[in-house]
Amino acid sequence: DRNEGDRGFISKSNETSSSVRLDVENLTARTWPIEILDRVSVSEQDDLMVDWSATPMPSEQGVNDRRGVLRWRFDLATGEAQSVTVDENLRWPEDKLLR
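Residues numbered from 1 in each chain as written. Predicted model: local features only at pLDDT ≥ 70, side-chain atom pairs only at ≥ 80, totals over all residues. Heavy atoms only, no water.

Peer 1: In this structure, what is going on with the overall build of the protein? I would like to understand it.
Peer 2: Looking only at helices and strands, one finds 0 helices and 7 strands in the protein. The secondary structure elements of the protein, listed N-terminal to C-terminal, are β-β-β-β-β-β-β. Relative to its 99 residues, the protein shows a buried fraction of 27%. Counting contacts in the protein only where the partners sit at least 6 residues apart, residues at least 24 apart contribute 70% of the total. Accessible area for the protein stands at about 7,300 Å²; split by element, carbon and sulfur atoms hold 45% of it. (Helix = DSSP H or I, 4+ residues; strand = E, 2+ residues; numbered from the N terminus. Buried < 20%, exposed > 50% of the residue type's maximum accessible area, 1.4 Å probe, protein only. Contact = heavy atoms within 4.5 Å. Areas by Shrake-Rupley, 256 points an atom, 1.4 Å probe, with all protein chains shown as cover.)

Peer 1: How do you make sense of the environment of Thr16 when you look at a structure like this?
Peer 2: Mapped onto the fold, Thr16 is located in strand E2 (residues 13–25). Thr16 sits 34 residues away from Val50 along the chain, and the two C-alpha atoms are 9.9 Å apart.

Peer 1: Would you take a moment to explain the sheet that holds strand E6 (residues 69–76) for this structure?
Peer 2: In a beta sheet, neighbouring strands pair by backbone hydrogen bonds and run either parallel or antiparallel. In space, the 3 strands of this open sheet follow the order E3-E6-E5, with antiparallel pairing throughout. The two strands at the open ends of the sheet, each matched to only one other strand, are strand E3 (32–39) and strand E5 (60–61). Two strands pair when backbone bridges link them, and E5 and E6 are joined in this way by 2 bridges, in the antiparallel orientation. Residue pairing in the sheet places Glu60 in a bridge with Arg71 of E6. (Pairing = 2+ DSSP bridges.)

Peer 1: Just checking my understanding: could you explain the packing of aromatic side chains for this structure?
Peer 2: Per the counting criterion, the structure on display carries 0 aromatic pairs. Directly above the ring of Trp32 sits Arg30, whose terminal nitrogen or CZ lies 3.8 Å from the centroid. (Phe/Tyr/Trp six-rings, centres within 6.5 Å; stacked < 30°, edge-to-face > 60°. Lys NZ or Arg CZ within 6 Å of the ring centre and 35° of its normal.)

Given below as structure tokens:
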């Protein structure tokens, strides 16, 4: 899902939000170690506010010293499924452009 638009009444700002769900299912006859890598946006400007959350939270953030890279590690038993959801929200002032 992705939403984008203006927000605010007295002072205006722009906002975009997204939600991503990653699904893993074990269809084999054995337990497997699973590693999922994903990323979230990283701000290099003070005016750009980045908020994110994940369910479940990642096992590691900043993988290999790379900002915004997330890693989940878990074992997935036979017939089981696991979902990872990452929600992200970006906000910036109305008079600025997001590039």
